[in-house]
Amino acid sequence: MSSASSPPPPTAPLGQDPRPLRIVTLQNVTVDLIEPHLRAAARESGWAASVRFGQFDGILQQASNAEDPIWAETPDLVLVFASLETLAPRLVWRFPSLGPEEIEQEVGRIGGFVASTLRALRRHTSAMVVWHGFETPPIPAYGVLDAQLERGQSRVVAELNEQLRLHLAQAGNGFVVEMDRIMARIGADQFYDRRYWHLARAPYGRAALAEIARQDLLLWRAAQGRARKCLVLDCDNTLWGGIVGEDGVSGIRLSSEHPGSSYHYFQQAVLSLYDRGVILALCSKNNEDDVWSVFRERPEMVLEERHIAAAQINWDDKVTNLRRIARDLNIGLDSLVFVDDSEFEINMVRELLPEVATLHLPPGKSELAGEILTASGFFDTLSVSAEDRRRGEMYRAESQRRALRDAVDDLGSYLASLEIAVRICPLEEATIARAAQLTQRTNQFNLMTRRVGESEMRELLADPASAVLTLQVRDRCGDYGMVGLAQLRRAEDGVHLENFLLSCRVIGRGVEDTLLAACLELARRGSPPTLHACFLPTDRNALVRDFLDSRGFYLDREESDGRFYHRPGAAPLDAMPAHLHSVETTLPPDFP
Amino acid sequence: MRTKIKSVLSQVFGLPIDAIADDASQATLEPWTSMGHLNLIMSLEESFGVRFSEDQIPQLTSVAAIEEALSALKS
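Calculation criteria
Residues numbered from 1 in each chain as written. Chains lettered and ligands numbered in written order. Predicted model: local features only at pLDDT ≥ 70, side-chain atom pairs only at ≥ 80, totals over all residues. Heavy atoms only, no water. Helix = DSSP H or I, 4+ residues; strand = E, 2+ residues; numbered from the N terminus. Rg over C-alpha atoms; globule rule 2.2 N^0.38 Å. Buried < 20%, exposed > 50% of the residue type's maximum accessible area, 1.4 Å probe, protein only. Lys, Arg positive; Asp, Glu negative; His and termini not counted. Charge placed at Lys NZ, Arg CZ, Asp CG, Glu CD. Core = buried A, V, L, I, M, F, W, Y, C linked by side-chain atoms within 4.5 Å. Contact = heavy atoms within 4.5 Å. pLDDT = per-residue confidence, 0-100. Phe/Tyr/Trp six-rings, centres within 6.5 Å; stacked < 30°, edge-to-face > 60°. Buried area = accessible area lost by both parts, 1.4 Å probe. Salt bridge = Lys/Arg side-chain N within 4 Å of Asp/Glu carboxyl O. Pairing = 2+ DSSP bridges. Axes fitted to C-alpha atoms, helices over the stretch in contact; angles between N-to-C directions. Right-handed = clockwise from strand over helix to strand, strands pointing away. 1 Å grid on protein atoms, 1.4 Å probe; cavity = no way out; pocket = protein on both sides within 12 Å on 5 of 7 lines; lining within 4 Å. Points joined across faces, edges and corners; volume = space filled by probe spheres on them. Nonpolar A, V, L, I, M, F, W, Y, C, P; charged D, E, K, R; others polar. Expected span 1.5 Å × (residues − 1).

Caption draft 1: Summary view of the overall build of chain B. On a plain count of helices and strands, chain B comes out with three helices and zero strands. Listed by position from the N terminus, the elements making up chain B come as α-α-α. Expected size for 75 residues packed as a compact globule is a radius of gyration near 11 Å; at 11 Å, chain B falls within 12% of this value. Its C-alpha atoms give chain B principal-axis dimensions of roughly 30 × 25 × 20 Å. A buried classification covers 43% of the 75 residues belonging to chain B. A distance of 8 Å separates the average location of the 5 positive side-chain charges in chain B from that of its 10 negative side-chain charges.

Structure, rendered in structure tokens:
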């Protein structure tokens, strides 16, 4: 089967052991054929998937029965395949036989089925649920008339999907994979393989199964905070056609009209990622002045200098330059996606920096580049916050800070010159989305790495036994927004710190101590006045391994999953950073 | 062609290629379940660039039958 239109598979990540991912499927059609595709897609993202398939047409039954062997091992991910062909065969095959009332009834019945299934699941599992959306029949039963009807087949399926989306949002940690979009991408004839339907009630063809599995894993990866953060772009034959060093600033191909319009399109795709909060960087073998001249002198450039957070334009190898970019931006190599048209460069990066994801833009096919970039899903997240939209601005502020730092000799006076202002306050309804996102995306300065979804965060807000403190920071160069979070829970033996994290944007500014001080102040109000905390190691948070030791916490015990501490009396910290301009703390009045 | 068929079988069913005899069939190979059969057909179609008919698929239950069907399609 042809896969000419699909993007190249994402490159394998990390050279670490894959983490286990337990998948359970619930279905009313045969989808067992997806197993090898799920495993392959999981492997690409660094997980080792195991899949348990539900019984044919056993969705509600198995969702409701917590004792069913399918739940024997706690799943991480539940995939639901509820095909209308089984669920509502009349809607699919006999649509013209249905009157308005019967349609209404069917829509209500299916909504009830979705809601009951999700309620039943949520009684015994908080696992991520991915529900595969209902499919619009590619050839509607009324033919050309369908599109003219107020409630034709297509519109009814759209209603069902809207209903599904609402139920999933209500259930929490539930998401949709739009099957219609996959069908549109690969074509209905590839999407369905009717032979398997008649032989085994298996609707989907091989190309569909592969793409469904890929989308499932994109959602999973996004929920795990594994979305990549920074797009590193080659320049010649990537951002524009030709080589600026040879063809000259006016000789390169870049225009809104042919020739060069495919590069124009590619830059728009890049800029869309920037608008979603992706950081942009340049990594190019060139004379630096040549590249910036293109940015300044070619009005057809969609990207502007202000969009670029870091650049390594020189004749050093790209591996070295990628390391520099990660260091300059203070992000991990595993946050980078490197795009180049040169197979040599791509292979070298794959070989020497396996953590960096790569996208090879096929030479001579520049018209596909934008689609390849967007379809890769590397940057897909489950939310885009106001902070994300401002990220580019923030990184501009960061380069101003770098300039300040270069102008000042010692770190202390540099930090003081920044006039850092800290504000700590309890979580509010309005900050839930950003707070949840912080727990999902922060990896380095993160003591416990507990990922909290939006619905769970809302529960914490309502729970009198819990408190969540948020940390906001600004300085003379700009506003960092919400960059830290502490989550506390009262217990009989004192207050437990359940989450403590700081965005990498503000590491090294001493603001973590203000947040810890606020936690201690809260804990001092409790009885007994003790703050318990722990360090749970992951492959990425070595930065804070000794944080609690260095802040005078007593180590109670060391176990295989981490180190557990407490601070008796929740005594204040010995010293607070002197360079902070102001610290404004508001504590919840009634906690603990 | 027979070697290539066997190699697809060995991949799909996770068996060493030596474990697949010339007269191997659904009756002699344990992992060749009804679901395994569909997986096998999908892989064969991809490897050989062919498309079996709906009526043919249930009959391709031995190396010999597969070889015969492929020869007919390829000729």
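After presenting the structure, the write-up continues.
Caption draft 2: Focus on the nonpolar core. Counting residues in hydrophobic clusters, the biggest one holds 58 residues, and the most contacted among them are F191 and Y204 of chain A together with L9, F52 and I66 of chain B. Element by element, the count of residues in this core is highest for helix α10 (residues 206-223) of chain A, at eight residues. Apart from residues no more than four positions distant in its own chain, Y204 of chain A is found in contact with V31, F81, E135, M179, F191, Y192, D193, L209 and I212 of chain A together with M42 of chain B. Counting 49 residues, the second largest nonpolar core, distinct from the first, contains L404, F500, L502 and L520 of chain A.

Caption draft 3: Representation of the confidence of the model for chain B in the model. Residues and elements named next belong to chain B. Considering every residue of chain B, the mean pLDDT works out to 92; 100% of them sit at 70 or more. The secondary structure element of chain B with the lowest average pLDDT is helix α2 (residues 34-48), at 91, and the one with the highest is helix α1 (residues 2-13), at 93. The ipTM value of the predicted complex is 0.87, and its pTM value is 0.74.

Caption draft 4: Up close: the environment of W197 of chain A. All names here are of chain A. Take W197: it is sitting in helix α9 (residues 194-200). Residue W197 is classed as buried on the basis of its relative accessible area of 7%. As a C-alpha pair, W197 and S385 span 188 residues in sequence and 42 Å in three-dimensional space. Those residues in contact with W197 that sit more than four places away from it in its chain are V29, E85, T86, A202 and P203.

Caption draft 5: Structural view of the packing of aromatic side chains. Residue and element names in this part refer to chain A. What the rule picks out here adds up to eleven aromatic pairs over all chains. For the pair F113 and W131, a centre-to-centre distance of 6.4 Å together with 85° between the ring planes defines the contact as edge-to-face. Taken as a pair, F113 in helix α5 (residues 100-124) and W131 in strand β4 (residues 128-132) lie far apart in primary sequence, 18 residues in all. For the pair F113 and W131, a shared accessibility class is recorded, and that class is buried. Here a set of aromatic residues connected by ring pairs shows up, and it is made of F191, Y192 and Y204.

Caption draft 6: Quick look at unusual backbone geometry. All names here are of chain A. For the peptide bond that leads from S527 to P528, omega is -5°, which places it in the cis range. As for its position among the elements, P528 is in the loop between α22 (512-524) and β16 (531-535). The backbone of N330 shows a phi angle near 60°, a positive value even though the residue is not glycine. One non-glycine residue, A570, lies in positive phi territory at about 45°. As for its position among the elements, A570 is in the loop between β18 (562-567) and β19 (582-585). Judged by relative accessible area, which is 0%, A570 ranks as buried.

Caption draft 7: Just the interface of chain B and chain A, in detail. Contacts between the two partners involve 14 residues from chain B, matched on the other side by 15 residues from chain A. Buried area between chain B and chain A, summed over both chains or domains, comes out near 1,300 Å², and the portion from carbon and sulfur atoms is 64%. Considering only the side of chain B, the residues that lose the most area to chain A are L38, M42 and E54 of chain B, jointly responsible for 45% of the buried surface there. Between the two partners, chain B and chain A, sit three salt bridges.

Caption draft 8: Representation of the sheet that holds strand β9 (residues 336-340) of chain A within the structure. Residue and element names in this part refer to chain A. If you trace the five strands from one edge of the open sheet to the other, you get β8-β7-β6-β9-β10, paired in parallel fashion. Here the strands that pair on one side only, and so sit at the sheet edges, are β8 (308-314) and β10 (357-360). On average, adjacent strands in this sheet sit at an angle of 20° to one another, irrespective of strand direction. Where helix α13 (residues 288-297) meets the sheet, its contacts fall on β7 (279-285) and β8, and the angle it forms with β8 comes to roughly 140°.

Caption draft 9: Up close: the pairing of β16 of chain A. Residues and elements named next belong to chain A. Burial of β16 is extensive: five of the five residues sit out of reach of the surface. Where burial is concerned, the two faces of β16 agree: the one with L531, A533 and F535 and the one with H532 and C534 are both buried. With two bridges connecting them, strand β15 (residues 494-502) and β16 associate as parallel partners. Bridge pairing links V495 to L531 in β16. Each parallel crossover has a hand, and for β15 linked through α22 to β16 it is right-handed. For β16 and β18, the ladder comprises five bridges, and the chain directions are antiparallel. Residue pairing in the sheet places H532 in a bridge with H566 of β18.

Caption draft 10: Looking closely at empty space enclosed by the protein. Residue and element names in this part refer to chain A. Following the criterion strictly, the structure yields four cavities of 30 Å³ or more and no others. Looking at the second largest cavity, it is lined by 13 residues, and the ones nearest its centre are Y274, H307, A309, G392 and Y395. Those elements giving two or more residues to the lining of the second largest cavity turn out to be β7, β8 and α18 (391-407). The leading source of residues in the lining of the second largest cavity is α18, at four residues. Partitioned by chemical class, the residues of the lining of the second largest cavity number seven nonpolar, three polar and three charged.

Caption draft 11: α18 of chain A, seen in detail. A rise of 1.5 Å per residue sets the reference length of α18 of chain A, with its 17 residues, at 24 Å; its end C-alpha atoms lie 25 Å apart and thus fit the reference within 8%. Taken together, the buried positions of α18 of chain A are R391, G392, M394, Y395, A397, E398, R401, R402 and L404 of chain A.

Caption draft 12: Up close: the pattern of salt bridges. Using the criterion set out here, one finds 41 salt bridges over all chains in the structure. As a salt-bridge pair, R194 of chain A and E85 of chain A come within 3.2 Å of each other at their nearest N and O atoms. Here R194 of chain A is found in helix α9, whereas its partner E85 of chain A is found in helix α3 (residues 84-87), with 109 residues between them in sequence. We classify E85 of chain A as buried; its relative accessible area is 10%. A salt bridge links E67 of chain B to R2 of chain B, with the shortest nitrogen-to-oxygen separation between them at 2.8 Å. With a gap of 65 residues between them, E67 of chain B in helix α3 (residues 63-74) and R2 of chain B in helix α1 connect regions that are remote in the sequence. Judged by its relative accessible area of 19%, E67 of chain B is buried. Among the charged side chains, a network of salt bridges with common partners joins R545, D546, D549, E558 and R563 of chain A.

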